[in-house]
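# Residue-level structural notes
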Amino acid sequence: DGELLYKVGKYVEARSLFEQLLVSHAEEYHFRSFVLLMLGNCFFQLRDYSEARRCYTKVLGSPGSTREQQDQARQSRTAIPSLFKRWWYSLEST
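So, a few notes on the structure that sits alongside this text. (Residues numbered from 1 in each chain as written. Predicted model: local features only at pLDDT ≥ 70, side-chain atom pairs only at ≥ 80, totals over all residues. Heavy atoms only, no water.)

### Description of the overall build of the chain
Our working rule: Only runs of H or I of at least four residues qualify as helices and only runs of E of at least two qualify as strands under DSSP, and these elements are numbered from the N terminus. Buried residues are those whose accessible area, probed at 1.4 Å on protein chains only, stays under 20% of the maximum for their type, while exposed residues exceed 50% and partly exposed ones sit between those limits. Every residue pair with non-hydrogen atoms within 4.5 Å of one another is taken to be in contact. Residue burial considers only the protein chains on display, and all accessible areas are found by Shrake-Rupley using a 1.4 Å probe.
For the chain, the helix and strand inventory stands at five helices and zero strands. Ordered by position in the sequence, the α and β elements of the chain form the string α-α-α-α-α. When the 94 residues of the chain are sorted by exposure, 30% land in the buried category. When contacts within the chain are restricted to residue pairs at least 6 apart in sequence, long-range pairs at least 24 apart make up 48% of them. For the chain, the exposed area adds up to about 6,100 Å²; of that, 54% sits on carbon and sulfur atoms.

### A closer look at the pattern of salt bridges
To keep it simple, the criterion reads: The rule for a salt bridge is simple: a side-chain nitrogen of Lys or Arg has to be within 4 Å of a carboxyl oxygen of Asp or Glu.
What the rule picks out here adds up to three salt bridges. Between Asp71 and Arg74 there is a salt bridge, and its shortest N-O distance comes to 3.3 Å. Taken together, the residues span about one helical turn, with Asp71 and Arg74 both in helix H5 (residues 67–92) at a distance of three residues.

### A closer look at the environment of Glu13
Mapped onto the elements of the fold, Glu13 is located in helix H2 (residues 11–24). The class for Glu13 is partly exposed, based on a relative accessible area of 42%. On a C-alpha basis, the gap between Glu13 and Asp1 in space is 9.9 Å, while along the polypeptide they are 12 residues apart.

### Thoughts on unusual backbone geometry
Across the chain, the bulk of peptide bonds are trans and the bulk of non-glycine residues have phi less than zero. Backbone geometry at Arg47 places phi at a positive 65 degrees, although glycine is not the residue there. By the element assignment, Arg47 lies in the loop between helix H3 (29–45) and helix H4 (49–61).

### Some remarks on the packing of H3 against H4
What counts, and what does not: Geometry is summarised by axes, namely lines fitted to C-alpha atoms with helices restricted to the contacting stretch, and by angles between N-to-C directions that run from 0 to 180 degrees. Angles below 35 degrees are treated as roughly parallel, those above 145 as roughly antiparallel, those between 65 and 115 as roughly perpendicular, and all remaining angles as oblique. Two helices crossing with the near one rotated counterclockwise from the far one by less than a right angle form a left-handed crossing, whereas a clockwise rotation gives a right-handed crossing. In this classification, Asp, Glu, Lys and Arg are treated as charged, Ala, Val, Leu, Ile, Met, Phe, Trp, Tyr, Cys and Pro as nonpolar, and every other residue, Gly included, as polar.
Contact geometry for H3 and H4: axes closest at 8 Å, N-to-C directions at 160 degrees. The angle between H3 and H4 falls in the class roughly antiparallel. Judged by the twist between their axes, the crossing of H3 over H4 is left-handed. In this structure, H3 contributes Ser33, Leu36, Leu37, Leu39, Gly40, Asn41, Phe43 and Phe44 to the contact, and H4 contributes Tyr49, Glu51, Ala52, Cys55, Tyr56, Lys58 and Val59. Residue composition of the contact of H3 with H4, by class: 10 nonpolar, three polar and two charged.

### Section: the packing of H2 against H3
Running from N to C, H2 and H3 cross one another at 150 degrees; their axes reach a closest spacing of 9 Å. Between H2 and H3, the interaxial angle falls into the category roughly antiparallel. Relative to H3, H2 is oriented so that their crossing is left-handed. Two secondary-structure elements touch here, H2 through Tyr11, Ala14, Arg15, Phe18, Glu19, Leu21 and Leu22 and H3 through Phe31, Arg32, Val35, Leu36, Met38, Leu39, Cys42, Phe43 and Gln45. Residue composition of the contact of H2 with H3, grouped by class: 12 nonpolar, one polar and three charged.

That is the geometry; function is a separate question.
Given below as structure tokens:
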């Protein structure tokens with residue numbers, strides 16, 4: 001189960017499972033929005049911020065996403081630039 005893998009910090013494995021679910025449930029809009037949000041969260045934890053942003057943006061544009069999913073995607077997407085800047089500056093200072 002992808003959620004369980006995510007909760008225990010196995011982000012790479014969770015990401016792989018969520019990517020498979022996107023393909024196998026392409027027409028199920030409500031489930032797809034959940035999967036995109038979780039996939040975005042995996043990318044976020046893996047510091048792949050461009051892919052996380054892509055997933056969150058798709059949640060925001062999905063007709064099947066709930067208001068809660070949209071709020072979470074918006075909040076996570078907004079957090080990306082500040083986190084990315086801090087990470088980038090930490091690399092420069094080493």
